[in-house]
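# Summary of structural features
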Amino acid sequence: MKILIINGPNLNLLGEREPDIYGHESLADMELWLSNQPEATTHEIEWFQSNHEGKIIDKIHDEMKTKDGLIINPGAFTHYSYAIRDAISSVNIPTVEVHLSDIENREDFRRFSVIQDVCIEQIKGMGKTGYLNALKILLINDDK
Ligand code: DQA
């Protein structure tokens, strides 16, 4: 499978940003860790990070013909970007939503995701393992 992993705003600062919530590993550390997992070695995985809503939308549009699955951590866009939600529902790519932290048990505004119902599943509070679990879900979904 060809999988695109999108990380949204402020996730470029992982490792430095609120380490008590997001841990000490950088996004590059997580990419390396995932690329060494057995499930990842036989599939083509592309990582993309942007702090800009339009760039994330353009990336989803650009990849709609070439990717078989999308894993997305939209950062704060999760809670209010109808435009990213519409981009996901406009392309026919099975999508899993990932959050490093447990958005259910933080501030009230984080509890609601506007993209959740256009995704196969939402994974939260598992740190980097969430990306691996999202990959496994896409692989199982592809076998159906
Ligand atoms: C996040 C949770 C969001 O509420 C927050 O705005 C982020 C990261 C997570 O991975 O836990 O930037 O998506």
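Here's what I pulled together on the structure shown here. (Residues numbered from 1 in each chain as written. Predicted model: local features only at pLDDT ≥ 70, side-chain atom pairs only at ≥ 80, totals over all residues. Heavy atoms only, no water.)

### So, the overall build of the protein chain
Selection criterion: Secondary structure elements are defined from DSSP: runs of H or I of at least 4 residues count as helices, runs of E of at least 2 residues count as strands, and each element is numbered from the N terminus. Computation of the radius of gyration draws on C-alpha atoms alone. For the globule rule, the value is 2.2 Å times the number of residues to the power 0.38. Relative accessible area decides the class of each residue, using a 1.4 Å probe on protein chains only: under 20% of the type maximum gives buried, over 50% gives exposed, and in between gives partly exposed. Any two residues whose heavy atoms approach within 4.5 Å are treated as being in contact. The protein chains shown are the only cover counted for residues, whose accessible areas, like all others here, come from Shrake-Rupley with a 1.4 Å probe.
Across its full length, the protein chain holds six helices and five strands. N-terminal to C-terminal, the α/β element order of the protein chain is β-α-α-α-β-α-β-α-β-β-α. For 144 residues, the compact-globule formula gives about 15 Å, and the C-alpha radius of gyration of the protein chain, at 14 Å, lands near that figure. Principal-axis analysis of the C-alpha atoms gives the protein chain an extent of 35 × 35 × 25 Å. Counting across all 144 residues of the protein chain, residues that qualify as buried make up 46%. In the protein chain, the proportion of contacts linking residues at least 24 apart, taken out of those at least 6 apart, comes to 74%. Carbon and sulfur atoms make up 47% of the accessible area of the protein chain, which amounts to about 7300 Å² in all.

### Considerations on the site of the ligand
Short version of the rule: Residue proximity to a molecule or strand is established when one non-hydrogen atom of the residue lies within 4 Å of it. N or O atoms within 3.5 Å of each other form a polar contact, as long as, within protein, one can give a hydrogen and the other can take it, and as long as residues adjacent in sequence are counted only when both atoms are side-chain atoms. Note that Gly is not counted as nonpolar here; it falls among the polar residues with everything else outside the nonpolar set of Ala, Val, Leu, Ile, Met, Phe, Trp, Tyr, Cys and Pro and the charged set of Asp, Glu, Lys and Arg.
Within the structure, the ligand sits among Pro9, Arg17, Tyr22, Asn73, Gly75, Ala76, His79, His99, Leu100, Ser101, Ile103 and Arg110. Contact between the ligand and His79: an oxygen atom at 2.7 Å from a side-chain N or O atom of the residue. Between an oxygen atom of the ligand and a side-chain N or O atom of Ser101, the distance comes to 2.6 Å. Protein coverage of the free-state accessible area of the ligand, which is 330 Å², stands at 99%. Class assignment for the residues of the shell around the ligand results in five nonpolar, five polar and two charged.

### Some points on the nonpolar core
The criterion, for reference: Think of a nonpolar core as a cluster: buried Ala, Val, Leu, Ile, Met, Phe, Trp, Tyr and Cys residues, connected wherever their side-chain atoms sit within 4.5 Å.
Ile71 and Tyr131 are the most contacted members of the largest nonpolar core, which has 23 residues in total. Of all the elements in the fold, those that place two or more residues in this core are strand E1 (2-7), helix H2 (27-35), strand E4 (95-99) and helix H6 (129-143). Of the residues forming this core, the biggest block, seven residues, is contributed by H6. Contacts of Tyr131, omitting those with residues within four sequence positions, involve Ile5, Asn7, Met30, Leu34, Trp47, Ile71, Asn73, Val98 and Leu100. By size, the runner-up hydrophobic cluster in this structure holds 17 residues, among which are Leu4, Phe48, Leu70 and Ile72.

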